[in-house]
Amino acid sequence: MIERIITALAGAGITAAPSSEADPSRADTVPGLVTLVDPVVNSHLWPLNLPADASATNGVYSLAGQSSNEVDGYRLGRVDTYVLSLRSPTFDPLRTMSTQLIERVAAQSGSEAWEITDAATDYEFDQNQYRAHFELQATSLAMATPALPAAFVHPVQADATPNGLGTMQVRQTVTEHIAVVLVAEQAEVDAQRRAIEAALLGLENPADAVAPLEYAGGQRVAVLGSHVYWRELYRYDRVIRS
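Calculation criteria
Residues numbered from 1 in each chain as written. Predicted model: local features only at pLDDT ≥ 70, side-chain atom pairs only at ≥ 80, totals over all residues. Heavy atoms only, no water. Helix = DSSP H or I, 4+ residues; strand = E, 2+ residues; numbered from the N terminus. Contact = heavy atoms within 4.5 Å. Core = buried A, V, L, I, M, F, W, Y, C linked by side-chain atoms within 4.5 Å. Buried < 20%, exposed > 50% of the residue type's maximum accessible area, 1.4 Å probe, protein only. Pairing = 2+ DSSP bridges. Axes fitted to C-alpha atoms, helices over the stretch in contact; angles between N-to-C directions. Expected span 1.5 Å × (residues − 1). Arc of directions from axis to C-beta. Salt bridge = Lys/Arg side-chain N within 4 Å of Asp/Glu carboxyl O. Phe/Tyr/Trp six-rings, centres within 6.5 Å; stacked < 30°, edge-to-face > 60°.

(A) Quick look at the environment of Pro162. By secondary structure assignment, the location of Pro162 is in the loop between strand S7 (150–160) and strand S8 (171–185). It is 58 Å that separates the C-alpha atoms of Pro162 and Ser62, two residues lying 100 residues apart in sequence. Residues in contact with Pro162, not counting those within four places in the same chain, are Arg171 and Gln172.

(B) Spatial organisation of the nonpolar core. Residues Met1, Ile5, Leu9, Val180, Ile196, Leu200 and Leu213 are the most contacted members of the largest nonpolar core, which totals 22 residues. When residues of this core are traced back to their parent elements, those giving at least two are helix H1 (2–11), S7, S8, helix H4 (189–200) and strand S10 (227–241). Excluding its chain neighbours within four sequence positions, the residues that come into contact with Leu200 are Ile5, Ala8, Leu9, Val180, Leu213 and Tyr234. Among the nonpolar cores identified, the runner-up in size contains 19 residues, and Leu36, Val37, Tyr82 and Leu101 belong to it.

(C) A look at the side chain of Ser19. Assignment of secondary structure puts Ser19 in the loop between strand S1 (15–18) and helix H2 (30–37). Judged by its relative accessible area of 2%, Ser19 is buried. Filtering out sequence-adjacent residues up to four positions away, Ser19 remains in contact with Tyr74, Leu76, Phe152, Val153 and His154.

(D) The sheet that holds S10, seen in detail. Ordered in space as S1-S7-S8-S10-S9, the five strands form an open sheet in which the pairing is mixed. A strand with exactly one partner marks an edge of an open sheet, and here the two such strands are S1 and strand S9 (214–224). Neighbour-to-neighbour, the strand axes of this sheet turn through a mean angle of 30°, independent of strand direction. Direction of pairing for S1 relative to S7: parallel, over a ladder of four bridges. Note that in S7 the partner of Pro18 across the bridge is Val153. Of the strands in this sheet, S1, S7 and S8 are in contact with H1, which crosses S7 at around 150°.

(E) Broad picture of helix H3 (residues 91–107). Compared with an ideal rise of 1.5 Å per residue, which puts 17 residues at 24 Å, H3 spans 25 Å between its outermost C-alpha atoms and is within 8% of the ideal. Within H3, burial applies to Leu94, Met97, Ser98, Leu101 and Val105. Buried positions in H3, seen along its axis, are confined to an arc of 100° and lie on one side of it. In H3, the exposed residues that point more than 90 degrees away from the buried face are Glu103, Ala106 and Ala107. Buried residues belonging to H3 abut H2, strand S4 (74–88), strand S5 (112–124) and strand S6 (129–141).

(F) Spotlight on the pattern of salt bridges. Evaluation of the coordinates by the stated rule reveals nine salt bridges. As a salt-bridge pair, Asp72 and Arg231 come within 2.9 Å of each other at their nearest N and O atoms. With Asp72 in the loop between strand S3 (58–71) and S4 and Arg231 in strand S10, this pair connects stretches of sequence that are 159 residues apart. The partly exposed category is assigned to Asp72, whose relative accessible area is 41%. A salt bridge links Glu214 to Arg235; its shortest N-O distance comes to 2.6 Å. Here Glu214, found in strand S9, pairs with Arg235, found in strand S10; they are 21 residues apart in sequence, far enough to count as distant.

(G) Quick peek at the packing of aromatic side chains. Under the criterion given, the structure shown has six aromatic pairs. Here the aromatic rings of Tyr123 and Phe125 are separated by 5.0 Å at their centres, their planes lie at 80°, and the arrangement is edge-to-face. Relative accessible area serves as the criterion here: at 68%, Phe125 is assigned to the exposed category. Clustering of aromatic rings is evident, with ring pairs tying together Phe91, Tyr123, Phe125 and Tyr130.

(H) View of the sheet that holds S4. Spatial strand order, S2-S3-S4-S6-S5: five strands in an open sheet with mixed pairing. One side of each edge strand has no neighbouring strand; the edge strands of this open sheet are strand S2 (45–47) and S5. In this sheet, adjacent strand axes meet at a mean angle of 25° when their direction is disregarded. Sheet topology places S4 next to S6; 12 bridges connect them, and they run antiparallel. Pairing of Val83 across the sheet is with Glu135, part of S6.

Geometric descriptors of this kind do not, in isolation, establish any biological role.
And the structure:
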């Protein structure tokens, strides 16, 4: 049934994959960071340390940490935390750069979700520079070819009725519960939930199912930047025999 669900989701324009194949190591968010910040500092952005001939107005970034976004024990995304410092000999250009950065992060969209999680300003007396420090978090999808809207699919629970035969034989009905974790921009979540419902409700798998797929509930599990992770639950019945 999982493969039939993934095929149906793909037909509805949703990038879908089994949660068991999710691999956070595939992500590289540095290009996304450079795309966001480079225009703010006129391409004077460097990792870790400034070169000796760096412009007085510049930016320096470093990777400060990594974690995973987990749902039902599956690592469906990676969260990279960067520390970014913007520098300028005078305050007004620094204020302009900071405003531009905030606006660019707020307007960002796509398969990576960026957000500013902390910020501070200070003055570096030794270098005679004003500095603005930002903590940036980037959440990437653990897919080979990530694209929104996306969905990860995995089984979560199985319930069985008591044996229906009075002999030494066994016949039971098993209700399988399958999670479809939707990842979409906040403004698109409701529309994509409807698209999933239209694609999956009543879906049958003659190979092992005796009842079609039906809706069992849903809930929001995370909001990361502009991305919402919404977990939909579907179920179907199959019969097992001895």
